[in-house]
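# Observations on the model geometry
So you can see what is in the structure, the chains are spelled out below.
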Amino acid sequence: MALANARTQHHLTHAIRTRQRIGEATGILIERYKLTDRQAFTLLAKASQNLNVKLSALVEELVRTGSFPEPRELR
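Quick look at the structure, then. (Residues numbered from 1 in each chain as written. Predicted model: local features only at pLDDT ≥ 70, side-chain atom pairs only at ≥ 80, totals over all residues. Heavy atoms only, no water.)

### Here we look at the pattern of salt bridges
The cut-off we apply is this: The working definition used for a salt bridge is a side-chain nitrogen of Lys or Arg within 4 Å of a carboxyl oxygen of Asp or Glu. Helix numbers and strand numbers start at the N terminus; a helix is a DSSP run of H or I with at least 4 residues, a strand a run of E with at least 2. Here's how the labels work: a residue is buried when its accessible area is under 20% of the maximum for its type, exposed when over 50%, partly exposed in between, all with a 1.4 Å probe on protein chains only.
Inspection of every chain in the model, using the stated rule, returns four salt bridges. Across the pair Glu24 and Arg21 runs a salt bridge whose closest N-O atoms are separated by 3.0 Å. Placement of both Glu24 and Arg21 in helix α1 (residues 2-33) is noted, with a separation of three residues, approximately one turn of the helix. The class for Glu24 is partly exposed, based on a relative accessible area of 35%. Between Glu61 and Arg64 there is a salt bridge, and its shortest N-O distance comes to 2.7 Å. Within this pair, Glu61 and its partner Arg64 are both found in helix α3 (residues 55-65), separated by three residues, close to a single helical turn.

Set out below in structure tokens:
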């Protein structure tokens, strides 16, 4: 029971952190390109698919560097 609770807590913490980073990344795109929040998220999702990387990895790199990464930088 304790192990299951620990796993649940870990997953929830990770999900919250990922959601925060997605918000930061969309904010960068909104400011830089004058997009709506929906347009910014759509751009992230399409870039994730086109680069064949997880959305979480893409947004981490975008927030860290301020620019879209090259595919080799995400591996």
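### What to know about a nonpolar patch on the surface
Where we set the bar: Surface patches are defined over residues having more than 30% relative accessible area and no salt bridge, joining like charges when they lie within 9 Å and nonpolar side chains (Val, Leu, Ile, Met, Phe, Trp, Tyr) when within 5 Å. Residue burial considers only the protein chains on display, and all accessible areas are found by Shrake-Rupley using a 1.4 Å probe.
Residues Tyr33, Leu43 and Phe68 make up a contiguous nonpolar surface patch of roughly 260 Å² in combined accessible area. Among the structural elements, Leu43 can be located in helix α2 (residues 37-51).

### What about the environment of His10?
Among the secondary structure elements, His10 is positioned in helix α1. Judged by its relative accessible area of 52%, His10 is exposed.

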